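# Coordinates in review
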Amino acid sequence: MIESLADLLVVSDMDNTLLTAKEGVPSCNRVTIQLFCELGGRFTVATGRPVESVRAALRDLALSCPAITCGGSVLYDMQADKTIEKHFLPRQGATQVIETVMSQFADIGVEIMVEEGKLYIVQANRYTQAHVQEEHMHSVLCPLDQVPDNWAKVVFAADPVTLASLQAFAASLTVEEMYFLHTNLMYFEIMPAGVSKAQALRRLCALQNIPLENTVVIGDYYNDIDLMRAAGHAVAVGNAPTEVKLVADEVVSSCRSGGVGEYLYSLIRRYT
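A brief structural summary.

About the criteria used
Residues numbered from 1 in each chain as written. Predicted model: local features only at pLDDT ≥ 70, side-chain atom pairs only at ≥ 80, totals over all residues. Heavy atoms only, no water. Helix = DSSP H or I, 4+ residues; strand = E, 2+ residues; numbered from the N terminus. Buried < 20%, exposed > 50% of the residue type's maximum accessible area, 1.4 Å probe, protein only. Contact = heavy atoms within 4.5 Å. Expected span 1.5 Å × (residues − 1). Pairing = 2+ DSSP bridges. Axes fitted to C-alpha atoms, helices over the stretch in contact; angles between N-to-C directions. Salt bridge = Lys/Arg side-chain N within 4 Å of Asp/Glu carboxyl O.

To continue, consider the environment of Asn-125. Residue placement: Asn-125 occurs in the loop between strand 7 (118–123) and helix 4 (126–134). Given a relative accessible area of 16%, Asn-125 falls into the buried group. Placed 146 residues apart in sequence, Asn-125 and Tyr-271 show a C-alpha to C-alpha distance of 49 Å. Non-local contacts of Asn-125, meaning those with residues more than four positions away in its chain, are made with Asp-107, Ile-108, Gly-109, Ala-157 and Ala-158.

Right, dumping it as structure tokens:
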């Protein structure tokens, strides 16, 4: 039962929900998040970004609960600067998939996030370059066999047409202990089996002793749907596709118009 802001955990996707890569976090979102947390509410993010990129994007905006990063592979306490939980891909199996994909798609960009999100680029293209620049990530160009162990996820980067072909090709592959996830028009990923934003939310709630029904998830894209369905209440920003809006319990303003802040302000009015 929710009686005050302290009973709530609000979890927001980052890109095109909480912020845009070029404009950052709208000031109305930033101010309202700070107020929400000062009044006792709990707020965090669930994102495919690694820890370094989350920190760069949020700047001085503090999270009151560990962040779900690397698509759910890593739970990270930004304030304490420590990893709470992490999960990795089977290296041998992921290597075989990468080599197979690269043999079929010569120009595909290939990124590997290691541990909490150190980024190694196995094959660069203009999409990997844009990814690094937009998300303010440090990266190392590195042959596949020299990438360090503990892979949190693999990202294939290309234009939407190529990724659609890659998605169809991936469906023909037999993989174990991992799965494929289309996270963006330009990104197609390999994730560890049993790892997702939704599963990470369940683990976070267990660790923080928060009833799952007391959670709110705010999202914008297809890869947020499972996370939204796992939460007690689901919110879509106005720029989300129709299919995502249909999953939501309510729809707020777009990312650029401060939809996250708008929703948090409605909670502040309701519970204070």
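Looking now at the side chain of Arg-203. Residue position: Arg-203 is located in helix 6 (residues 197–208). Residue class for Arg-203 comes out buried when judged on its relative accessible area of 18%. Discounting chain neighbours no more than four positions away, the residues touching Arg-203 are Gly-72, Leu-75, Glu-85, His-87 and Gly-194.

What follows covers helix 3 (residues 91–104). Here helix 3 is 14 residues long and its end C-alpha atoms lie 20 Å apart, about the 20 Å a rise of 1.5 Å per residue gives. Those residues of helix 3 lying buried are Gly-93, Ala-94, Thr-95, Val-97, Ile-98 and Val-101.

Turning next to the sheet that holds strand 10 (residues 178–184). Spatially, six strands are ordered 8-7-6-9-11-10 in an open sheet, and the strand pairing comes out mixed. With partners counted over all chains shown, the strands left at the sheet margins are strand 8 (139–141) and strand 10, one partner each. When the angles between neighbouring strand axes are averaged without regard to direction, this sheet yields 25°. With three bridges joining them, strand 7 and strand 8 adopt parallel strand pairing. When the bridges of strand 8 are listed, Leu-119 appears paired with Ser-139.

Let us now look at the sheet that holds strand 14 (residues 250–251). Here five strands make up an open sheet; going across it, the order is 2-1-12-13-14 and the pairing parallel. Only two strands of the sheet have a single neighbouring strand rather than two, namely strand 2 (42–45) and strand 14. Helix-sheet contacts for helix 6 involve strand 1 (9–12), strand 2 and strand 12 (215–219), and the interaxial angle to strand 1 is about 150°.

Phi angles above zero are rare outside glycine, and Asn-16 is one such case at about 65°. Its location among the elements puts Asn-16 in the loop between strand 1 and helix 1 (27–38).

In this section: the pattern of salt bridges. Two side chains carrying opposite charge are able to pair once their charged atoms lie near each other. Tallied over the entire structure, the rule returns 11 salt bridges. For the salt bridge of Lys-86 with Glu-116, the shortest nitrogen-to-oxygen distance reads 3.7 Å. On the criterion of sequence distance, the pair formed by Lys-86 in strand 5 (residues 82–86) and Glu-116 in the loop between strand 6 (109–114) and strand 7 is long-range, its members being 30 residues apart. The residue Glu-189 makes a salt bridge to Lys-153 at a minimum N-O spacing of 3.1 Å. Here Glu-189, found in strand 11 (residues 187–192), pairs with Lys-153, found in strand 9 (residues 151–157); they are 36 residues apart in sequence, far enough to count as distant. There is no split in this pair, since Glu-189 and Lys-153 are both buried. Ionic contacts of the salt-bridge type, sharing partners, join the residues Asp-13, Lys-197 and Asp-224 into one network.

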